[in-house]
Amino acid sequence: MQTPVRPAERALARPRRRGLAAAAAILVLLAVAVAALANLRNPAPRDAAAPAAEFSAARAYAHVEIIGRETHVAGSPANDRVREYLVDNLRRAGLETEVQDTVAAEAGQETGEHGAAFARVRNVVARLPGTQPTGTVFLVAHYDSVQVGLGGNDDAAGTAALLEVASALSAGPRPRNDVVIVLTDAEEACLCGASGFAAGHPLAKGGGVVLNLEARGSTGPPIMFETSARNERLVRAYGRAAPHPIGTSFAVEIYRLLPNDTDFTAFVQRGFVGLNSAYIDGAAIYHTPLDTPARMDRSTLQAHGDNALALAREFGGTDVARLTAGGDATYFPVPGGLVRYPGWLTWPLAGLALLAAGALAVLARRRGVTSWPRLAAGFALALIPIVLAPIAAYLFWRAVTALRPGYAELLDPYRPLWYRLAVVALAATVLLTWYALTRRRTGPAALAIGGLGWLAALGLVLAAVTPGGSYLVTLPALAGALAGLVALATRPSGPWPVVVCVLAAMVGILVLVPTVALLFPALGMAMGGVAALLAVLLGLSALPVLDLLFPGAGGHRGMAALRARRMGAAPGLAAGLATVVLAGAGLAVDRFDAAHPAPTHLMYALDAGAGTARWISRESDPQPWTDQYVDDREPLADFPAIGDEEVSSGPAEAAPLPAPAVEVLADTRAGDERTLRVRVRPQRPGVRLVSLHVAASTATVSRATVAGRPVPIRAVAVDSGETGPAGGPPGLVGASDEGPWSWGMIFHAPPGDGVEVELVLRPRDGAVELRAMDASDDLSAVPGFRPRPPGVGVAGSHSSEMLAVARTYSL
């Protein structure tokens, strides 16, 4: 006699041939996942024989090799050579080309974390006139590199791509709108090139649509990760025109919350509209000496250029003024294109998903599949893997980093694939083990409905916090709930419950699998918990299908029950074993060596006035090579242009190097104010930046100009400490009682004759103290420096290998 199945143990799908159904369902879902991942692959690079009106990665790469031949930081002779090459190529392509030579402030704010940032910039600007312009299309990339790298990817890729795009546009039909190529200077320093163009160039006065090309790695698909506001029509054009449309509204929402900026920021803050695109995988080389042309994935370059050329033609034929109509769109990539819908649907869909999940719970209770207490338990228990998986991923990477301390200085390992798969397997281990432990007592249906309930609830939360990311859970929850309703309305032992549950799981795969794949390079392994969370949410949305991997619920007694429990533990054990194997493979494959060195950070700071020097490292736990230079932790208070956070430091021999000179050009008084006009002039070759800071103990600053440009000040009252505007727009830090420096400025790529600064001061008592500093980027001649051995490299940082010389002047 067959033991009846208790209601609490019933599943939404109970096929008679369980093994066959499980195999078929898993194979179908795996095929969909492979298709979703294959959609992220780049095209084969075209050779140099491709038609002139098409984009050729081979032709663009020839430019990359020249641009990335040597380090070319802003203001250097090498950067001058790159600029001359760009001008020559754009003119030969038939574009009206000029160099904008100006002094510009940092984009969006004329004060940064350590002072107001300025630079002398020389932007390359080339115009292709349109036939009947409705506006202007701006194609933007930066041509300068960081101080320790060749910039083979960042951003020789974008610059070279735009040279090839310019040639292709010239060879094809002339666009309707003007197309202006802007190759900016000093992006790495302060985004000052883009700021100087957007704020001061005549071609920028009317605004327009911008496409910015960036790179934060060496491979992977170019991702459209940022847009201007009200992006619905921009996204529609992107999805229609781009041959390789990879982008998500979730990425745009997250990027808007982060403090990161690119050249795109300067344009958007001036009212331009547009799109920001970058490839981000292979980030271990980012801003390091390993960012060479040879490291570039040519297929990535092909996709980058294909999209840029197609969008230049799309925007070149569009009424630019109409691109801002509408609101923000929700969108994500699927095989064959970009799914998009209006942002106003976010709340209705989130509400509908919650209602559908609630209706599924009611119907399941009425059909006797589960009970209200078990539904409540299922909802409560479903929170466990949602919480545990990210924690497990975090602890996993902490353990890996303890074994490989060098990973702490990397955005991502050199060969991260095995670690990424290990995190996904770890998330599967958490989910499948949790399900095996709770399934028998709570019931498959209750757990599945509880999981969908959490997805629906999270959809509402995301709709409120990041509306463009709500689809990640809303659509799988809605699909799963509707599938459950259909399954309960049909014969449970027939094929249709399995079919509809598989279809619903396909929605989750199409939505979440590409997102998980893109999140790993976007956030790095240190934030792998986010990908683990989404992997668990995908598993919860597919629980009715995953249930087929387990023995049929109920009816087991004696040895049969024991065998069922063992079979139920098998999926979790298999996933756990896969986690261990994949983690071991990652440790075995991704070893540090001469081609993949462990990154280390080191600076040298000399106080020329005191005759003392220190080695400085931003490594919180210095690696063996760095440890020979540093032996303590202390705040970096006397080199304000570098920062005031706690760093690792150690004593160093003072080198005979001069500090920048501070020459007084004028010194006048009026009432309680003193006006100082000084020139800060470097006294040694190869200086990348100079800075000047006013000691708060000696004076506050009412007004200031740098190279003739006013600097907004937020003054602090000497007695009360209350803040308010003084001599300029409010909201920008210039003077403060809270730190050792009441005002500061940093000037990148300074002219040989120095930088003129005028300060209107309110002295406290006696002399005013000014702290002047300059910085270059080579430690090889510093006393006591020993070259790095093979397997030890330079960390990707704007202060790596910095040689800073400072002195305090009392006036």
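Because the structure is a prediction, the values reported are computed rather than measured.

Analysis parameters
- Residues numbered from 1 in each chain as written.
- Predicted model: local features only at pLDDT ≥ 70, side-chain atom pairs only at ≥ 80, totals over all residues.
- Heavy atoms only, no water.
- Helix = DSSP H or I, 4+ residues; strand = E, 2+ residues; numbered from the N terminus.
- Rg over C-alpha atoms; globule rule 2.2 N^0.38 Å.
- Buried < 20%, exposed > 50% of the residue type's maximum accessible area, 1.4 Å probe, protein only.
- Contact = heavy atoms within 4.5 Å.
- Areas by Shrake-Rupley, 256 points an atom, 1.4 Å probe, with all protein chains shown as cover.
- Lys, Arg positive; Asp, Glu negative; His and termini not counted.
- Charge placed at Lys NZ, Arg CZ, Asp CG, Glu CD.
- Disulfide = S-S within 2.5 Å.
- Pairing = 2+ DSSP bridges.
- Salt bridge = Lys/Arg side-chain N within 4 Å of Asp/Glu carboxyl O.
- Axes fitted to C-alpha atoms, helices over the stretch in contact; angles between N-to-C directions.
- Parallel < 35°, antiparallel > 145°, perpendicular 65-115°, else oblique.
- Left-handed = near helix turned anticlockwise from the far one by under 90°.
- Nonpolar A, V, L, I, M, F, W, Y, C, P; charged D, E, K, R; others polar.
- Phe/Tyr/Trp six-rings, centres within 6.5 Å; stacked < 30°, edge-to-face > 60°.
- Core = buried A, V, L, I, M, F, W, Y, C linked by side-chain atoms within 4.5 Å.
- Expected span 1.5 Å × (residues − 1).
- Arc of directions from axis to C-beta.

1. A closer look at the overall build of the protein
Argument step 1. Looking only at helices and strands, the protein features 21 helices and 26 strands.
Argument step 2. Against the 2.2 N^0.38 benchmark of 28 Å for 811 residues, the protein shows a C-alpha radius of gyration of 30 Å, consistent with a compact globule.
Argument step 3. Out of the 811 residues belonging to the protein, those deemed buried represent 58%.
Argument step 4. Residue pairs in contact within the protein that sit at least 24 positions apart in sequence constitute 79% of those at least 6 positions apart.
Argument step 5. Accessible surface, the protein: about 31,400 Å² in total, of which carbon and sulfur atoms supply 59%.
Argument step 6. Put simply, the protein has 68 plus and 69 minus side-chain charges, and the middle of one group is 16 Å from the middle of the other.

2. Overview of the state of the cysteines
Argument step 1. The full count for this structure, using the stated rule, is one disulfide.
Argument step 2. The side chain of Cys-190 participates in a disulfide bridge whose partner is Cys-192; the two sulfur atoms lie 2.0 Å from each other. Judged by the sign of its S-S torsion, about -130 degrees, the cystine formed by Cys-190 and Cys-192 is left-handed.
Argument step 3. Of the residues examined, Cys-192 reaches a relative accessible area of 0% and is grouped as buried.

3. Overview of the sheet that holds strand β16 (residues 673–681)
Argument step 1. The strand order across the open sheet built from five strands is β15-β16-β23-β18-β19, with neighbouring strands paired in antiparallel fashion. With partners counted over all chains shown, the strands left at the sheet margins are β15 (661–670) and β19 (709–710), one partner each.
Argument step 2. In this structure, β15 lies alongside β16, joined through nine bridges in antiparallel fashion. If you follow Arg-669 over to β16, its bridge partner there is Arg-674.

4. Thoughts on the pattern of salt bridges
Argument step 1. Using the criterion set out here, one finds 31 salt bridges in the structure.
Argument step 2. Measuring nitrogen to oxygen at the nearest pair gives 2.6 Å for the salt bridge that ties Asp-412 to Arg-420.
Argument step 3. Measuring nitrogen to oxygen at the nearest pair gives 2.7 Å for the salt bridge that ties Arg-674 to Asp-667.
Argument step 4. What emerges from the salt-bridge pattern is a single network uniting Arg-18, Arg-439 and Asp-547.

5. Things to note about the packing of helix α14 (residues 417–442) against helix α18 (residues 528–541)
Argument step 1. Remark: α14 packs on α18, axes separated minimally by 9 Å, with the N-to-C direction vectors making an angle of 45 degrees. By the angle between their directions, the pair α14 and α18 is classed as oblique. When you trace α14 past α18, the crossing you get is right-handed. Contacts between α14 and α18 pair Val-423, Ala-427, Leu-431 and Trp-434 from the former with Gly-528, Ala-532, Ala-535, Val-536, Gly-539 and Leu-540 from the latter.
Argument step 2. When grouped by side-chain class, the residues that make up the contact of α14 with α18 number eight nonpolar, two polar and no charged.

6. With respect to the packing of aromatic side chains
Argument step 1. Evaluated as defined, the whole model comprises 22 aromatic pairs.
Argument step 2. Seen from their ring centres, Phe-138 and Phe-272 are 5.4 Å apart, and the 75 degrees between their planes marks the pair as edge-to-face. Of this pair, Phe-138 sits in strand β3 (residues 136–142) while Phe-272 sits in the loop between α9 (263–268) and β7 (273–279), and the two are 134 residues apart along the sequence.
Argument step 3. Taking the relative accessible area as the measure of exposure, Phe-272 reaches 3% and is therefore buried.
Argument step 4. A ring pair is formed by Trp-397 and Tyr-419, whose centres lie 5.2 Å apart and whose planes are at 80 degrees; its orientation type is edge-to-face. Of this pair, Trp-397 sits in helix α13 (residues 383–403) while Tyr-419 sits in helix α14, and the two are 22 residues apart along the sequence.

7. Brief notes about the nonpolar core
Argument step 1. Formed by 90 residues in total, the largest nonpolar core has its most connected members in Phe-396, Trp-434, Tyr-471, Leu-540 and Leu-543.
Argument step 2. Those residues in contact with Leu-543 that lie beyond four places of it in its chain are Trp-434, Tyr-435, Leu-447 and Ala-448.
Argument step 3. Residues Ala-157, Leu-309, Phe-315 and Val-320 belong to the second largest nonpolar core, which totals 60 residues.

8. Here we look at the environment of Gly-94
Argument step 1. As for its placement among the helices and strands, Gly-94 is situated in the loop between α3 (77–92) and β1 (96–105).
Argument step 2. Considering only alpha carbons, one finds Gly-94 and Ala-166, 72 residues apart in sequence, at a separation of 8.6 Å.

9. Focus on helix α1 (residues 18–38)
Argument step 1. The end-to-end C-alpha separation of α1 is 30 Å, in line with the 30 Å expected for 21 residues at 1.5 Å each.
Argument step 2. Among the residues of α1, Arg-18, Ala-21, Ala-22, Ala-25, Leu-29, Val-32, Ala-33 and Ala-36 are the ones counted as buried. Within α1, the buried residues cover an arc of 105 degrees as seen down the axis, which keeps them to one side. For α1, exposure combined with an orientation more than 90 degrees from the buried face picks out Gly-19, Leu-20, Leu-27 and Val-34.
Argument step 3. Taken together, the buried residues of α1 touch α14, α17 (496–523) and α19 (543–546).

10. Remarks on the packing of helix α16 (residues 471–489) against α17
Argument step 1. In contact at an axis separation of 8 Å, α16 and α17 are set at 175 degrees when each is read in the N-to-C sense. As summarised for this structure, α16 and α17 are arranged roughly antiparallel, according to the angle between their axes. Between α16 and α17, the contacting residues are Tyr-471, Leu-472, Leu-475, Pro-476, Ala-479, Gly-480, Ala-483, Val-486 and Ala-487 on the first element and Pro-497, Val-500, Cys-501, Ala-504, Val-507, Gly-508, Val-511, Leu-512 and Thr-515 on the second.
Argument step 2. For the contact of α16 with α17, the class distribution of residues is 15 nonpolar, three polar and no charged.

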